[in-house]
Amino acid sequence: CTAARKPVPPQPGPSPQVNPGQQRTPAETRDITADVNEKAESVPGVERAYTVVVGNTALIGFDMDANKQEAGIKRVKDSVAKKIEADPRIVRVYVSADPDVTRRIREIAENVRQGRPITDYLDEIGEIIQRMTPKTD
C-alpha cells in the first residue's frame, strides 16, 4: 500500500494584480485624489469638484459654475474627463453633475479624508458606478 499523493498547495506569494494601482499606499491615493480634484476644478464651468479614487478609477462629481451654465453640462463633463484621462495613474473616469450623485461622492470623499477606509464605501461606489457611464476605458 502506498500513501495517497495529494497535490502540493501553491506557495504563498504575491497575488496577481487584477487592477493595477490597487497596491498604492493611502498617502499615494490621497495625492492622486488631490491632483485629480485640482485638475477637475481647473476646467471652465466647474465651480467645485469632489473626487474619490479607488485603484485606478476616479469618480468625480461637480457643481456647475452658475455663470458658465451656457457651456452645457455635457461639454463640461467631457472636458473634465479628457483632462483626467491624461493622468496615467487613472484608467477609468466617471464624471457626474447630477446633484444626488455629486452629493454621494462628496460625502464619501469627506469621510475618507477624515480617515474612514475606502473599503467601507465599496458597495455604495459600485452603485454609483452602475448609474454612470465611464468616460474612459
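Right, let's walk through the structure included here. All chains use their own residue numbering, which begins from 1 and follows the written sequence. In keeping with the predicted nature of the model, local features appear solely for residues at pLDDT of at least 70, side-chain atom pairs appear and are counted solely at 80 or more, and the whole-chain, interface and lining totals rest on all residues. Side-chain measures here rest on the full set of heavy atoms in the structure, leaving out hydrogens and waters.

Attention now moves to the overall build of the protein. Only DSSP runs of H or I with at least four residues qualify as helices, and only runs of E with at least two residues qualify as strands; both kinds are numbered from the N terminus onward. Counting its regular elements, the protein contains four helices and three strands. Reading the secondary structure of the protein in the N-to-C direction produces α-β-β-α-β-α-α. Here the protein holds 137 residues, and the buried ones make up 34% of them. A separation of at least 24 residues holds for 60% of the contacts in the protein among residues at least 6 apart in sequence. Here the accessible surface of atoms and residues is derived via Shrake-Rupley with a 1.4 Å probe, and residues count as covered only by protein chains that are part of the display. Looking at the protein as shown, the accessible area adds up to about 8900 Å², and 50% of this sits on carbon and sulfur atoms. Here's how the labels work: a residue is buried when its accessible area is under 20% of the maximum for its type, exposed when over 50%, partly exposed in between, all with a 1.4 Å probe on protein chains only. Contact criterion: two residues are considered in contact whenever any of their non-hydrogen atoms come within 4.5 Å of each other.

Turning our attention to helix H2 (residues 73–85). The end-to-end C-alpha separation of H2 is 18 Å, in line with the 18 Å expected for 13 residues at 1.5 Å each. Taken as a whole, H2 has its buried residues at Val76, Val80, Ala81 and Ile84. Viewed along the axis of H2, the buried residues span an arc of 135°, placing them on a single side of the element. Exposed side of H2, more than 90 degrees from the buried face: Lys74, Arg75 and Lys82 are the residues found there. For H2, the secondary structure elements touched by its buried residues are helix H1 (26–41), strand E1 (46–54), strand E2 (57–64) and strand E3 (92–96). In a helix, the anticipated span is given by 1.5 Å times the number of residues less one. As used here, the arc is the angular range of directions from the helix axis to the C-beta atoms.

We count a salt bridge whenever a side-chain nitrogen from Lys or Arg sits within 4 Å of a carboxyl oxygen from Asp or Glu. On inspection of all chains with the given rule, the structure shows 12 salt bridges. The partner of aspartate 87 in a salt bridge is lysine 39, with the nearest N and O atoms 3.3 Å apart. Here the residue aspartate 87 occupies a position in the loop between H2 and E3, and lysine 39 occupies one in helix H1, the gap between them amounting to 48 residues. Taking the shortest distance from any N to any O, the salt bridge between aspartate 78 and lysine 74 comes out at 2.9 Å. Of this pair, aspartate 78 and lysine 74 both sit in helix H2, four residues apart, which is roughly one turn of that helix. With relative accessibility at 58%, the residue lysine 74 sits in the exposed group. Taken together, the shared-partner salt bridges in this structure form one network comprising Asp35, Lys39, Asp87 and Arg89.

Moving on: the environment of valine 46. By the element assignment, valine 46 lies in strand E1. For the pair valine 46 and serine 79, spaced 33 residues apart in sequence, the C-alpha separation works out to 10.0 Å. Not counting chain neighbours up to four residues away, the residues in contact with valine 46 comprise Ala40, Glu41, Phe62, Asp63, Asp65, Val76 and Val80.

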